[in-house]
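Single-letter residue listing:
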2 protein chains.
Amino acid sequence: MLNFEFKNPTKIIFGQGEIAKLSTEIPKGAKILVLYGGGSIKSNGIYDEVMNALSGRQVYEYGGILANPEYEVLLGALEIIKDKEISFLLAVGGGSVIDGTKFLAAAAKYDGTPWDILSKPIRTLEGEALPFGTVLTLPATGSEMNSGYVISRRKTNEKRSSSGPGSFPVFSILDPNVVKSIPQRQLANGIADAYTHALEQYMTVISDADLQDRFAESVLISLQNTAPKLLQQDFDYHTAANYMWCCTMALNGLLQKGVVTDWAVHAIGHELTAYFGIDHARTLAIIAPSHYHYNFEYKKEKLAQYAERVWNITEGSLEDKAKLAIEKMEAFFHSLGIKTKLSDYTKDYKGTAERIEQAFIDREWLGIGEFKRITPQDVKKIVEMSY
Amino acid sequence: MLNFEFKNPTKIIFGQGEIAKLSTEIPKGAKILVLYGGGSIKSNGIYDEVMNALSGRQVYEYGGILANPEYEVLLGALEIIKDKEISFLLAVGGGSVIDGTKFLAAAAKYDGTPWDILSKPIRTLEGEALPFGTVLTLPATGSEMNSGYVISRRKTNEKRSSSGPGSFPVFSILDPNVVKSIPQRQLANGIADAYTHALEQYMTVISDADLQDRFAESVLISLQNTAPKLLQQDFDYHTAANYMWCCTMALNGLLQKGVVTDWAVHAIGHELTAYFGIDHARTLAIIAPSHYHYNFEYKKEKLAQYAERVWNITEGSLEDKAKLAIEKMEAFFHSLGIKTKLSDYTKDYKGTAERIEQAFIDREWLGIGEFKRITPQDVKKIVEMSY
């Protein structure tokens, strides 16, 4: 097991009716800025629930933080924060709104150009950000219980991330009833996203961190079992609750402690979102199978363990099991209604591999993936395999 | 899934050589009281490692906090804390030293009689205790990453507990190398203790909290796999690390969130320690099998799930699997060298069932276990079955 540090101070408030606790969780006298996305919270009742809990408080609001939150859009909120001397941020949304809020919390107390936080990047230490809470409306990214965030700058096709011990939400309210109004496409994305988060922390080398492996496998199995019920049935509270908690646990830091992690799927997938606007989760489903095939020799032992423990594949050689594991994984994405080839999403895919290779060269990234083994040239081949 | 709140702010610093980080983790200028147990840390090198990390700091020390930490012993430390105006406590030890330190942290800032904290009990809120850190020397209780503590008062044969959001360690340093010098008897106890912690949060009713169930099963399987390597081989760092992390994760709050928990095994077991001085972990191994047999009708579905997922028992009826599961559990305790009958520990066991029944009646505990279903009369029968 590798040495590690783990601290996650976010208070999770989980369950039905818990949005009402906003009234006591946000400090008295706070000047609150409520941040949200495209406005669906106004039609599904969550906006009203939040505002009722905040009645009598000093509340401002800023909507329009859409998927792959945009730096320029967030600068609009930053102006309000400074003008109104906001002291507490409340994200009401999914990963994009929460990521945007984390960036704003750091930017509000940063003296230089806000883009520095993302481009250098600068780690935000405890006390160096405005305090913020979240009301999660779309389980997927785990942003509600970690300190990481990803922000896009469309004019330069850049997608950059930052994090730090000061960027954890003070609290996050997770009411599974929010799942009722989530379109099926986004539920499928949420499952694929959380599933890939677990994979990125697991599908590397055979680990001596037995418990972490088993926790990752638990998340994978639980998401597999939950997915068909979530997508095919009428709303079931407990199915929604398990989906929601799986998404949080997949990326709250626990699975990755003491083990070698990968994250190449995300690094490459982000480029596909930047170029084509493909949903984040779907870029992961495009890249993951090619990535595992391309790096088969390095990952085959772990793929075989995944085959055995997650898919109950007991027959065949280690290689057979490992190959079948990738097929099973890809079939799982298909079962969510998610296609796994770039050409399923755009006819304009030719040259993408070269563009992404160049992007990695330009950024002087020497390598990605476990042990930083994957070069820009490898990335090119992985993307080609995903056409 | 039941509604729940989860917040665990303890910073875990895990790995070899990490004790040196004490020099930066404890605030500058702190007046530090180092608390420890019977003095084994002076022979195994941990004391020196701690003191080296604290060199140049204002350090006092207080040893002699033994197993089942004693209220009267702790009052001696409380005097030093007040006399010397100690501002930071450092527990160097196992669950007993850490539990004692939690009590002292709360008592240091409490104005009334310290026993109130345990007898009422009083929940310690954030900021209502002295800050404290831990260097874990004996993995078992999980006290290094939770807020609970149990203190004994021998003259009245009482064992009382308390907890609260202000009773979490600020940090805990977990260096698996400490396992090298732990006697086998205590390693066996540690495994049995952590294993029973997972059971108490799991062996109740069939749960719709799928992920929590799988996490609990992960801890159980991982402890089962780790135990023979830990007990029979020469020191292996990664085995020690996995054992250590399993113990922490078994009782840091995560497994019990959203599910129905039991804790009757602990409630009854504590009485056996109070009367006979039997090691805490061994009292759990005495009570657990009888408890599960006695409550078989209520627990058989979950016992069967445990049989299938943890022990790979696929044959037989649900009842067959559930019964075999209890046998497997008892055999696992035996494999640790831990006997599971009260008569294995004392010849003086007659009348114990009646004494414990009376103790529960006297305390006006209406019921223990999930749904508070177990009456003092049930307790009597469970203890009789354990003779």
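The structure displayed is predicted, hence computed values, not measured ones.

1. Re the overall build of chain A
Item 1. Scanning chain A for helices and strands turns up 15 helices and 8 strands.
Item 2. Computed over the C-alpha atoms, the radius of gyration of chain A is 20 Å, within 12% of the 21 Å expected from 2.2 N^0.38 for a compact globule of 387 residues.
Item 3. A principal-axis box enclosing the C-alpha atoms of chain A has dimensions of 65 × 45 × 45 Å.
Item 4. In chain A, once contacts between residues fewer than 6 apart in sequence are set aside, the share between residues at least 24 apart is 77%.
Item 5. Total accessible area on chain A stands at roughly 14,600 Å², and carbon and sulfur atoms take up 48% of it.
Item 6. Considering chain A, the positive charge centre built from 41 side chains and the negative charge centre built from 47 side chains are found 2 Å apart.

2. Brief notes about the interface of chain A and chain B
Item 1. Contact with chain A, which involves 38 residues of that partner, is made by 38 residues of chain B.
Item 2. Taking both sides of the interface into account, the surface hidden between chain A and chain B amounts to around 3,500 Å²; carbon and sulfur atoms contribute 59%.
Item 3. On the chain A side of the interface with chain B, the three residues burying the most area are A:M1, A:L211 and A:W245, jointly 18% of the side's total.
Item 4. Put simply, A:E5 and B:K21 hold a salt bridge, and the shortest N to O gap is 2.8 Å.
Item 5. Between chain A and chain B we count 22 residue pairs in polar contact (both at pLDDT 80 or more) in total.
Item 6. Those elements giving two or more residues to the side of chain A that touches chain B turn out to be β1 (4–14), α8 (210–232) and α9 (237–250) of chain A.
Item 7. Split into classes, the residues belonging to the side of chain A that touches chain B amount to 19 nonpolar, 11 polar and 8 charged.
Item 8. The sheet contact formed by β1(A) and strand β1 (residues 4–14) of chain B spans 7 bridges and is antiparallel. Paired with A:I12 across the bridge in β1(B) is B:F6.

3. As for the relation of the copies chain A and chain B
Item 1. With an RMSD of 0.0 Å, the fit of chain A onto chain B corresponds to turning through 180 degrees and sliding 0.0 Å along the axis. This pairing of chains is accounted for by a two-fold axis. Of every C-alpha in chain A, the one belonging to A:P9 sits nearest the axis of rotation, 2.1 Å from it.
Item 2. Both copies contact each other with a shared surface, as 100% of the interface residues of chain A are interface residues in chain B too.

4. Overview of the environment of B:R160
Item 1. Relative to the assigned elements, B:R160 resides in strand β7 (residues 158–162).
Item 2. With sequence-adjacent residues up to four places away left out, B:R160 is seen in contact with B:W115, B:L118, B:S119, B:Y149, B:V150, B:I151 and B:R363.

5. With respect to the domain arrangement of chain A
Accessible area lost during the coming together of the parts is what is often quoted as the interface size.
Residues and elements named next belong to chain A.
Item 1. In terms of domains, chain A is made up of domain 1 (11–178) and domain 2 (184–386).
Item 2. Distance between the C-alpha centres of domain 1 and domain 2: 27 Å.
Item 3. Domain 1 puts 23 residues into the contact, and the matching count from domain 2 is 22 residues.
Item 4. Of the roughly 1,900 Å² buried between domain 1 and domain 2 on both sides combined, carbon and sulfur atoms contribute 63%.
Item 5. The largest per-residue losses of area from domain 1 upon contact with domain 2 belong to P139, K159 and P176, which jointly make up 27% of the total buried on that side.
Item 6. The tally of links from domain 1 across to domain 2 stands at 0 salt bridges.
Item 7. Joining domain 1 to domain 2, the criterion identifies 4 residue pairs in polar contact (both at pLDDT 80 or more).
Item 8. Across the side of domain 1 that touches domain 2, the residue classes break down as 11 nonpolar, 8 polar and 4 charged.

Criteria and cut-off values
Position labels on residues start from 1 in each chain and follow its written sequence. Going through the entries in the order they are written, you letter the chains from A and number the ligands from 1. With the structure being a predicted model, the display of local features is reserved for residues of pLDDT at least 70 and the display and counting of side-chain atom pairs for 80 or more, all residues being used for whole-chain, interface and lining totals. Only hydrogens and water are set aside; all other atoms, that is, all heavy atoms of the structure, feed into the side-chain values. Each helix corresponds to a stretch of at least 4 residues labelled H or I by DSSP, and each strand to a stretch of at least 2 residues labelled E; elements are numbered beginning at the N terminus. Values of the radius of gyration come from C-alpha atoms, whereas the globule rule sets the reference at 2.2 Å times the count of residues to the power 0.38. Any two residues whose heavy atoms approach within 4.5 Å at even a single point are treated as in contact. Computed by Shrake-Rupley with a 1.4 Å probe, the accessible areas treat only the displayed protein chains as cover when residues are assessed. We score Asp and Glu as negative and Lys and Arg as positive, and we do not count His or the chain ends. By convention, charge coordinates are those of NZ in Lys, CZ in Arg, CG in Asp, or CD in Glu. Here the buried area means the combined drop in accessible surface, using a 1.4 Å probe, for two parts upon being joined, counting both sides. By convention in these notes, a salt bridge is any Lys or Arg side-chain nitrogen within 4 Å of a carboxyl oxygen on Asp or Glu. Polar contacts, as used here, are pairs of N or O atoms within 3.5 Å; protein pairs need one atom able to donate a hydrogen and one able to accept it. Residues neighboring in sequence count only if both atoms are side-chain atoms. Under the scheme applied here, ten amino acids are nonpolar (Ala, Val, Leu, Ile, Met, Phe, Trp, Tyr, Cys and Pro), four are charged (Asp, Glu, Lys and Arg), and all others, including Gly, are polar. Following DSSP output, two strands are said to pair if at least two bridges run between them. Here the copies are matched by least squares. The fit uses the C-alpha atoms of residues with pLDDT of at least 70 in both. Boundary definitions for the domains trace back to an automatic or database domain assignment.

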